[in-house]
Amino acid sequence: MLLLDEPTNDLDIPTLEILEESLLEFRGSLVLVTHDRYMLDRVSSIVLGLNGRGGAESFADYQQWGVWQAEGRQSEKATIRSAPRSGGSEETSTGKTKLSYLEAREYAAIEHRVADAELVLQSKREQLEDPAIASDGPRLLAAHAEMEEAQHTVDELYARWSELEKKKTGS
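Keep in mind the model is a prediction, meaning the values are calculated, not measured.

**Examining the packing of aromatic side chains**
The description of an aromatic ring pair rests on the distance of the ring centres and on the angle between the ring planes.
Inference 1: In the structure shown here, the tally under the stated rule is two aromatic pairs.
Inference 2: With centroids separated by 5.1 Å and ring planes inclined at 50 degrees, the aromatic side chains of phenylalanine 59 and tryptophan 68 adopt a geometry described as tilted.
Inference 3: Take phenylalanine 59: its relative accessible area is 0%, and that puts it in the buried class.

This is the structure in structure tokens:
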């Protein structure tokens, strides 16, 4: 097992290329901490992404982690914006809870978002079943991680849809 913390610091390009090739040929486990995104995507089969609040997820590549981070920031902002303010009542005369403006917009678009997420999930499942990937261990692990992330996204969207539906109908 190799543990490397910022191994690319102060290396010239030919030395970086040699290091990358050596790491690609290494048959053991590698824990790599680096800011070199290109090297990270080229050398790693699993990226462990940290969200800065104690949470961690595994991803197929750096870009997937970046999308996860952006979604986390957006959901945080939406939670802050949609948090009920004290002193005001959001109940209508029929007893139903009124959706905020942002929640109403989210509700209007969520069905489309769920459909898109399900298409992504289906494509990830198909990739996982591809015989070329099934015989390649690192690619299989990456495809499985991508499929799990897509499933997690679909599950979160359905949960949010249910939450908004309950709030809208007052049940």
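Structure's up, so let's keep going.
**Details of the environment of valine 154**
Inference 1: Mapped onto the secondary structure, valine 154 falls in helix H6 (residues 137-169).
Inference 2: C-alpha separation for the pair valine 154 and alanine 115, spaced 39 residues apart in sequence, amounts to 8.8 Å.
Inference 3: Excluding residues that lie within four positions of it along the chain, valine 154 makes contacts with Ala117, Glu118 and Leu121.

**Comments concerning the nonpolar core**
Inference 1: Counting 13 residues, the largest nonpolar core has Ile110, Leu121 and Leu157 as the members making the most contacts within it.
Inference 2: Listing elements by their share of this core, those giving two or more residues are helix H4 (101-129) and H6.
Inference 3: Excluding residues within four positions of it along the chain, leucine 157 makes contact with Ile110, Arg113, Val114 and Ala117.
Inference 4: By size, the runner-up hydrophobic cluster in this structure holds 10 residues, among which are Leu32, Leu40, Val47 and Trp68.

Rules behind the numbers
- Residues numbered from 1 in each chain as written.
- Predicted model: local features only at pLDDT ≥ 70, side-chain atom pairs only at ≥ 80, totals over all residues.
- Heavy atoms only, no water.
- Phe/Tyr/Trp six-rings, centres within 6.5 Å; stacked < 30°, edge-to-face > 60°.
- Buried < 20%, exposed > 50% of the residue type's maximum accessible area, 1.4 Å probe, protein only.
- Helix = DSSP H or I, 4+ residues; strand = E, 2+ residues; numbered from the N terminus.
- Contact = heavy atoms within 4.5 Å.
- Core = buried A, V, L, I, M, F, W, Y, C linked by side-chain atoms within 4.5 Å.

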